[in-house]
Structures are given as C-alpha cells and as structure tokens.
Amino acid sequence: MKDQPEMTDRSKHNTANLRFLMPVWIALILSVIVAVWEGWWPLAAMSTLTLILSLAPNLLASRYDIALPKAFVVSMVVFIVASLIMGEVFDVYYRIWWWDLALHGLSAIALGMIGFLFIYMLFHGDNFAAPAGAIAFLAFTFALSIGALWEIFEYTMDVVFGTNMQKSANDTMIDLIFDAIGAIVGALAGYAYLKGRRKGLLSRLLNDFVTLNRHLYKKTRRLDRD
C-alpha cells in the first residue's frame, strides 16, 4: 500500500502529459484529414504514422505504470515531426545536408540513455551491484544495434517498395558513424549518473526518470545531490 500514493502521482503525471500533447494530436488529425481531402498522400501517411508513434509511448507508459518526464515527451514529438514530416514530406533531408546526421546522432543519444535506464532497472537501481562501466557498454551496444536495425529497415524499404531511404552505401556508413557517436554520448551520460555526477543536462534527464519511477529502481542509493 505504500506505493499507492506514488502510483497516483505517476497517473496524474501521465494525464498531464496527455493533456499537454492534445493540441499536437488534434493538429495531426486535421493534417491527415486535409491531406486526404487534397490527395496529398505522403503527408497523410506520415501524419498518421507520427500520430501513432507519438501516442504509443504515452499509452504504454500509462498501461505499465511508468511516468515519462515532460522533457522526454516533448523531445520525442519534436524528433518524430522533424524526421517523418519535415524530413520525408517536405524534403528537408535534401534541403539541409546535416539534417539526417543530426537526427541520427540525437536519436542515438536518446537510445543510449533508454538502454541505460532499462539495464539499470534490471538491477533494481542498485548502484553497487550494477558496474557503471558494464552498464554503459551495454547501453552503447543497445543504441548502436537499434541504429543498425534501422539501416536494415531502410534497405528493405528500398528493395521492396523502391524508395530511396538509404541514398547510398556511403550515406549508410556515415549514418552508422553518427549513431556510434550518439550512442557513446548517451552511454557516458549513464556512466556519469552512476558516478553521482548529476549536473549535466543528460544526467538530469536520467535522474528525473529514476525519480519519477522510484518503484522500478527501489535500491537506488541517493548519491550526490544537485
């Protein structure tokens, strides 16, 4: 029963996130309707996909009693819109040469942090049972693996549907390099967190998630305070 108040707080937090994103979802639904009306099928498809991808994490978080920090929610929606709608529909990938590289690097940083949080959760947040270097390495491999799977997805789409997501073998290799750089940054943020360094932006984001979901990290020692 002790966790009941915390569970209520997490539920309220997720409800607040859903209300915060409601205008975005309404705009995406209107975008789908207008795109279908005008016959602009790429925008209709990407707006629908953006809506689904932005809904899924919040609904799953509510389903499994996980609270998502608002900074994570905002960053997720901005990234999805920048990638699918601006990048694919409005050809920003071709108009701004660094757009794709920036998104690959930022997504890898996020995946490295998500990998760290998941692996750290398996130790129930035990700072002493969880070797910082090993967890950081596993977080790095997790993020890089997702990046490699994405490149396989792009290759499959190009072969099966005749798209041009990969563009070239050189583009794929550069993407993987930026995935690796981002994964290292995300993993190092996790390493810094375990070492009690909570001053940086990324470490603060990790700390926010752990604090909101204390039931998943019950053995976390309260290290250096901000």
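Keep in mind it's a predicted model, so treat the numbers as computed, not measured.

This brings us to the overall build of the chain. When you go through the chain residue by residue, the secondary structure sums to eight helices and zero strands. Counting from the amino terminus, helix and strand elements in the chain follow one another as α-α-α-α-α-α-α-α. In terms of C-alpha radius of gyration, the chain reaches 19 Å, essentially the compact-globule figure of 17 Å for 226 residues. The dimensions of the chain, computed from C-alpha atoms along their principal axes, are 55 × 40 × 30 Å. When each of the 226 residues of the chain is scored for burial, the buried share is 40%. A sequence separation of at least 24 residues applies to 68% of the contacts in the chain between residues at least 6 apart. For the chain, the distance from the average site of its 19 positive side-chain charges to the average site of its 18 negative ones is 16 Å.

On to the nonpolar core, then. By size, the foremost hydrophobic cluster in this structure holds 36 residues, and its most contacted members are Phe 116 and Tyr 120. Those elements giving two or more residues to this core turn out to be helix 1 (4-38), helix 2 (41-63), helix 3 (70-89), helix 5 (99-122), helix 6 (132-161), helix 7 (169-194) and helix 8 (201-212). Ranked by the residues each element gives to this core, the list is headed by helix 3, at seven residues.

Here we come to the packing of aromatic side chains. Tallying each qualifying case throughout the model produces eight aromatic pairs. Where Trp 40 meets Phe 90, the ring centres are 5.6 Å apart and the plane angle is 85 degrees; that geometry is what we call edge-to-face. Separated by 50 residues along the polypeptide, Trp 40 in the loop between helix 1 and helix 2 and Phe 90 in the loop between helix 3 and helix 4 (92-95) bring together distant segments of the chain. Every member of this aromatic cluster is reached through a ring pair, and the members are Phe 116, Tyr 120, Tyr 193, Phe 209 and Tyr 217. The lysine or arginine in question, Arg 63, covers the ring of Tyr 64, its NZ or CZ lying 5.2 Å from the ring centre. Taking NZ or CZ as reference, Lys 70 lies 4.9 Å from the ring centre of Phe 20, over its face.

So, about the side chain of Ser 31. Within the secondary structure, Ser 31 is located in helix 1. For Ser 31, the side chain forms a polar contact with the side chain of Ser 47, separated by 2.9 Å. Setting aside residues up to four positions removed in sequence, Ser 31 forms contacts with Leu 43 and Ser 47.

All right, on to helix 5 then. For helix 5, spanning 24 residues, the distance from its first C-alpha to its last is 35 Å, which sits close to the expected 34 Å at 1.5 Å a residue. One or two residues past the end of helix 5 sits His 124, with phi positive at roughly 60 degrees.

What follows concerns helix 7. A rise of 1.5 Å per residue sets the reference length of helix 7, with its 26 residues, at 38 Å; its end C-alpha atoms lie 38 Å apart and thus fit the reference within 8%. Immediately downstream of helix 7, the backbone of Gly 196 shows phi near 85 degrees, a positive value.

Contact geometry for helix 3 and helix 5: axes closest at 11 Å, N-to-C directions at 150 degrees. The handedness of the crossing between helix 3 and helix 5 comes out as left-handed. Here Phe 72, Phe 79, Ala 82, Ser 83, Met 86 and Gly 87 of helix 3 come into contact with helix 5, specifically with Trp 99, Leu 103, Ser 107 and Ile 114. Residue classes in the contact of helix 3 with helix 5 are distributed as seven nonpolar, three polar and no charged.

Next up on the list: a nonpolar patch on the surface. Together, Phe 72, Ile 114, Phe 142, Ile 146, Leu 149 and Ile 152 give the surface a local cluster of nonpolar side chains, amounting to about 490 Å² of exposed area. Here the element with the most residues in the nonpolar patch is helix 6; it accounts for four residues. Structurally, Phe 72 is set in helix 3. Looking at Phe 72, the relative accessible area reads 32%, which means it is partly exposed.

You can see Arg 204 is positioned in helix 8. Note: C-alpha distance between Arg 204 and Ala 189 (15 residues apart in sequence) is 9.3 Å.

Rules behind the numbers
- Residues numbered from 1 in each chain as written.
- Predicted model: local features only at pLDDT ≥ 70, side-chain atom pairs only at ≥ 80, totals over all residues.
- Heavy atoms only, no water.
- Helix = DSSP H or I, 4+ residues; strand = E, 2+ residues; numbered from the N terminus.
- Rg over C-alpha atoms; globule rule 2.2 N^0.38 Å.
- Buried < 20%, exposed > 50% of the residue type's maximum accessible area, 1.4 Å probe, protein only.
- Contact = heavy atoms within 4.5 Å.
- Lys, Arg positive; Asp, Glu negative; His and termini not counted.
- Charge placed at Lys NZ, Arg CZ, Asp CG, Glu CD.
- Core = buried A, V, L, I, M, F, W, Y, C linked by side-chain atoms within 4.5 Å.
- Phe/Tyr/Trp six-rings, centres within 6.5 Å; stacked < 30°, edge-to-face > 60°.
- Lys NZ or Arg CZ within 6 Å of the ring centre and 35° of its normal.
- Polar contact = N/O pair within 3.5 Å; in protein donor to acceptor, adjacent residues only side chain to side chain.
- Expected span 1.5 Å × (residues − 1).
- Axes fitted to C-alpha atoms, helices over the stretch in contact; angles between N-to-C directions.
- Left-handed = near helix turned anticlockwise from the far one by under 90°.
- Nonpolar A, V, L, I, M, F, W, Y, C, P; charged D, E, K, R; others polar.
- Patch = residues over 30% accessible without salt bridge, like charges linked within 9 Å, V, L, I, M, F, W, Y side chains within 5 Å.
- Areas by Shrake-Rupley, 256 points an atom, 1.4 Å probe, with all protein chains shown as cover.
- Salt bridge = Lys/Arg side-chain N within 4 Å of Asp/Glu carboxyl O.

These values are about where atoms sit, not about what they do.
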